[in-house]
Each structure stands twice: as structure tokens, then as C-alpha cells.
Amino acid sequence: MEKRLKQCLGIDVSKLNLSLSLGFLTDGLDKEFTSHPDVPNDLSGYKELLRWLRKSADTKVELLVVMEATGVYHQGVAHYLHAKGYSVCVMQSGRVKSYARSLDQRSKTDALDCKMLSMLGLERSIRLWQPPSEELQRLKALSRERSSLIKDRTIENNRQGAIISGVHHNAKALKRHKNRLKLIKVQIETIEEEMHELISKNEVLRNKINFMVSIPGISFISAATVVGETLGFESIENAKQLTSYAGYDVVLRESGNFKGKTRISKKGNSHIRAVLHMPSMTCVRCNPTLKQFYDRLKPKKAKPLVALIAVQRKLLILMYTLWKNEEVYDVAFETKKQQKHEALAARDNNLIDQLAS
């Protein structure tokens, strides 16, 4: 019997069920797979999954569990298995889709998807998932609730405008809309107070958000929303990954005589892009560095919005850098950087002149 080098459990998660495939990689680089009937996506299903793993998994090899991030439906099994001591990896959907396309697999079923996740874990070196803190999970829930209420407020404002503009003015309907708008306003204010209270109780989180708020144009709500949506940049390793996570990664499609336009993918967290729109408009007016960046890009772009999106991308990376390095925003950073480069260039030129003479 060939020796097993790796083993990986692939879990395809849906709202009601979990599809399971356990894969083994042998020293002959062959892959073996065994499956189990779907189990419910609840505590009873998790216990059944655990019993099957204890019977089927190789105790001599560490087990890796791979699943795809599916909104909130993967959280229960991920937390359960992590608490039981298993190594868990929660993959972003974009990376999973890219890997699936490389397999030239045209059919798509739950059984094939969980096998594909198991195969991915066997072939690739994957960063392990760590459960986010309770504060960050609550902060994300609050920011999502606030975002939903703001959308509701926009809808109700539009409806109220339609009622006022109508020929047959309905005073009672207008009054009901005004009451709904008042309720939404109160709820938004309550959520923002809860966000302030939540962060004020955590000294580390409070200090790090203060670093982000030091950027001219960034408000507390904008910073808290970005932190909540990324769960404190928990799964972010570099700026490129962050821009892809937020959907700011630039894509270009060209083929033969067809020349497509360069644009952002938008295949990422739309809540981050939405919350950075207004701060970017403020930054191009009051932030010296980003204003200069925007003024330099704007004449080169067909639409001013393209330059504004570039500001949003740069702003997001800047927030991540300050969070990671625990530094306050330095307005003169770009000037100092340019002066340093000029000084180095002058020194190199002097050295070349000395060697030449």
C-alpha cells in the first residue's frame, strides 16, 4: 500500500446541506477519493461528519479541511471543526472558480464541487483560516445592517418624491412615508452609536481605527465599515489581494482585432466600494496627496469617475497600510519620498562624475 502524504476534506456548503469528499495524496502522486452522503448543515450534521472523519481519515497524516466562503452558511461548520482542532481553510470564491476552470470540468454538481475542493487542498499550499474575534463579527453585522437601512432610506425618499409630484396628492400616504423615514433615521443613528460603543471598549481596535481616521477625508463610519467587512484584514496578506477582495483589481480583455476597455472587475466586496465613494470625493478636495493624484489622472481618463475609482483604490491600500504598520497618516510622506529619491539620484550622479574624472 502506498504511503499517504496528504489528506484533505472538501466540503461544498449550501444553506441546508454539506457535500463531503475526503481525498488522499500518495507518495506515487496519485489521488484517492472517498465520499459520504450529504449531511444537514446543522449541529446534527456536524456530529455525523465528525464520526465519519474519525473512521475514514488517516490518523498518521494531518487533515486539512477546505471549503468555499458562502455568505454566512459556511460559518457554522468552519467554527465547529476549528474548535475540534482541525486545520480549516475558507477559500474566496474567485480563487476556487479559477482553480475549477483549470480542471477543464464542464459539469457542475455538489459532488464534483466538494471533490474539486479536496483536490485543491491536496495540490496547493493554502493559508489556514482563523476565526475572527467576536467584536469584528459584530462590527461586520452592524455595518451590513446600516448599509441595508441606507438603501431603504434612498427608496423611501424616492417614493416620497413621487407622492409629492403626483397629481392626486395623498396626505396620509405622505405622512406614513415621513414616519418611515424618521424610523430609519433613528435606527441608523442607533447602529452608529453601537459601532462607536463596540470599538471604544476594545483598545487595540480603537487605536488601529484612529490610525485610519487620521487620513483627511476618512470618517469613523468609513473606517469601521472597511475593518468590519475585511474582519480586521484577517485574510489579507498584501495590497494586491486586498484590491482583488474589494473588486478594484483592473482587468483588460483583448483578443485579435478586438481591443477592450480597461476597467475594474467589481468581483469583490461591494460594501467596501460603496462606503469609499463619498470619502474619495472628499479626499480629492481636502487631501493634498490624493488631490494631486486625482488631478494628474483626470485629464488622461475619458470620464472623471475613472480617476475617482483610482483614488478609492489608493485610499483603501493606504488604510490597510496604516492599520498594518500602526502609523498615523503623514501628509508630507509623498514629498519626503520624492526628496529622498532626488537626493539618491544626485548622489549617484556625483559618484558617476567622480569616476569619470
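Residues numbered from 1 in each chain as written. Predicted model: local features only at pLDDT ≥ 70, side-chain atom pairs only at ≥ 80, totals over all residues. Heavy atoms only, no water.

A short note on the overall build of the protein
Next up, step 1: Looking only at helices and strands, one finds 14 helices and nine strands in the protein.
Next up, step 2: A compact globule built from 357 residues would reach a C-alpha radius of gyration of about 21 Å, whereas the protein, at 26 Å, exceeds it by more than 25%.
Next up, step 3: The C-alpha extent of the protein, read off along each of the three principal axes, is 90 × 70 × 55 Å.
Next up, step 4: A total of 357 residues make up the protein; the buried ones form 38% of that total.
Next up, step 5: Surface exposure of the protein reaches about 21,500 Å², of which carbon and sulfur atoms provide 51%.
Next up, step 6: Positive and negative charge centroids in the protein, built from 58 and 39 side chains respectively, lie 7 Å apart. (Helix = DSSP H or I, 4+ residues; strand = E, 2+ residues; numbered from the N terminus. Rg over C-alpha atoms; globule rule 2.2 N^0.38 Å. Buried < 20%, exposed > 50% of the residue type's maximum accessible area, 1.4 Å probe, protein only. Areas by Shrake-Rupley, 256 points an atom, 1.4 Å probe, with all protein chains shown as cover. Lys, Arg positive; Asp, Glu negative; His and termini not counted. Charge placed at Lys NZ, Arg CZ, Asp CG, Glu CD.)

Examining helix α2 (residues 75–83)
Next up, step 1: For α2, the full list of buried residues reads Val-77, Ala-78, Tyr-80 and Leu-81. The buried residues of α2 occupy an angular sector of 165° when projected down its axis, which confines them to one face.
Next up, step 2: Count one or two residues on from α2 and you reach Gly-85, which has phi positive near 95°. (Arc of directions from axis to C-beta.)

Re the nonpolar core
Next up, step 1: Grouped together as the largest cluster of nonpolar side chains are 48 residues, with contacts concentrated most on Ile-209, Val-226, Leu-276 and Met-319.
Next up, step 2: Take this core: its biggest share by element is nine residues, from helix α13 (residues 304–325).
Next up, step 3: One finds Phe-24, Ala-78, Leu-81 and Trp-129 within the second-largest nonpolar core, a separate group that totals 25 residues. (Core = buried A, V, L, I, M, F, W, Y, C linked by side-chain atoms within 4.5 Å.)

Section: unusual backbone geometry
Next up, step 1: Of note, the phi angle at Leu-29 is positive, near 60°, even though the residue is not glycine.
Next up, step 2: Mapped onto the elements, Leu-29 comes out in the loop between β2 (17–26) and β3 (31–40).
Next up, step 3: One non-glycine residue, Phe-233, lies in the positive phi region at around 55°.
Next up, step 4: Examined against the element boundaries, Phe-233 turns out to sit in the loop between α8 (220–230) and α9 (239–246).

Things to note about the packing of aromatic side chains
Next up, step 1: Applying the stated criterion across every chain, the model contains three aromatic pairs.
Next up, step 2: Judged by centre distance (5.2 Å) and plane angle (55°), the rings of Phe-233 and Tyr-320 are tilted. Here the residue Phe-233 occupies a position in the loop between α8 and α9, and Tyr-320 occupies one in helix α13, the gap between them amounting to 87 residues.
Next up, step 3: The buried category is assigned to Tyr-320, whose relative accessible area is 7%. (Phe/Tyr/Trp six-rings, centres within 6.5 Å; stacked < 30°, edge-to-face > 60°.)

Things to note about the pattern of salt bridges
Next up, step 1: The tally for this structure, following the rule as stated, stands at 12 salt bridges.
Next up, step 2: When the shortest N-O distance is used, the salt bridge between Glu-156 and Arg-159 registers 3.2 Å. Highlighted residues: Glu-156 and Arg-159, both in helix α5 (residues 134–165), separated by three residues, approximately one helical turn.
Next up, step 3: Classification of Glu-156 by relative accessible area gives buried; the value is 8%. (Salt bridge = Lys/Arg side-chain N within 4 Å of Asp/Glu carboxyl O.)

A short note on the environment of Lys-3
Next up, step 1: With respect to the helices and strands, Lys-3 occurs in the segment before β1 (4–13).
Next up, step 2: On a C-alpha basis, the gap between Lys-3 and Asn-269 in space is 42 Å, while along the polypeptide they are 266 residues apart.
Next up, step 3: If near-sequence neighbours (up to four positions away) are discounted, Lys-3 is found in contact with Leu-25, Thr-26 and Asp-27. (Contact = heavy atoms within 4.5 Å.)

Section: the side chain of Ser-265
Next up, step 1: Here Ser-265 shows up in the loop between β9 (263–264) and α10 (270–275).
Next up, step 2: Judged by relative accessible area, which is 17%, Ser-265 ranks as buried.
Next up, step 3: For Ser-265, the side chain forms a polar contact with the side chain of Asp-249, separated by 2.5 Å.
Next up, step 4: Other than its neighbours up to four places away in sequence, Ser-265 contacts Gly-247, Asp-249 and Val-251. (Polar contact = N/O pair within 3.5 Å; in protein donor to acceptor, adjacent residues only side chain to side chain.)

What to know about helix α1 (residues 43–56)
Helical geometry: 3.6 residues make up each α-helical turn, so side chains three or four residues apart lie on a common side.
Next up, step 1: Here α1 is 14 residues long and its end C-alpha atoms lie 20 Å apart, about the 20 Å a rise of 1.5 Å per residue gives.
Next up, step 2: Within the sequence span of α1, burial applies to Gly-45, Tyr-46, Leu-49, Leu-50, Trp-52 and Leu-53. When α1 is viewed along its axis, its buried side chains cluster within an angular range of 165° and face the same direction. Those residues of α1 that are exposed and aimed more than 90 degrees away from the buried face are Arg-54 and Lys-55.
Next up, step 3: Against β1, β2, β3, β4 (63–68) and α2 lie the buried residues of α1. (Expected span 1.5 Å × (residues − 1).)

Some thoughts on the packing of α5 against α8
Next up, step 1: Interhelical geometry of α5 versus α8 gives an angle of 120° and a closest axis separation of 8 Å. When the axis of α5 is compared with that of α8, the two are oblique. Judged by the twist between their axes, the crossing of α5 over α8 is left-handed. Contacts between α5 and α8 involve Leu-136, Leu-139, Lys-140, Ser-143, Arg-144 and Arg-146 from the former and Ile-221, Ala-224, Thr-225, Val-227, Gly-228 and Glu-229 from the latter.
Next up, step 2: Across the contact of α5 with α8, the residue classes tally to five nonpolar, three polar and four charged. (Axes fitted to C-alpha atoms, helices over the stretch in contact; angles between N-to-C directions. Parallel < 35°, antiparallel > 145°, perpendicular 65-115°, else oblique. Left-handed = near helix turned anticlockwise from the far one by under 90°. Nonpolar A, V, L, I, M, F, W, Y, C, P; charged D, E, K, R; others polar.)

What to know about the state of the cysteines
Next up, step 1: Per the stated rule, a full pass over the model turns up zero disulfides.
Next up, step 2: Here Cys-114 is not disulfide-linked; the sulfur of Cys-8 is the nearest cysteine sulfur, at 11 Å.
Next up, step 3: Assessed through its relative accessible area of 3%, Cys-114 is described here as buried.
Next up, step 4: Cys-286 carries a free sulfur, and the closest cysteine sulfur to it, the one in Cys-283, is 5.7 Å from it. (Disulfide = S-S within 2.5 Å.)

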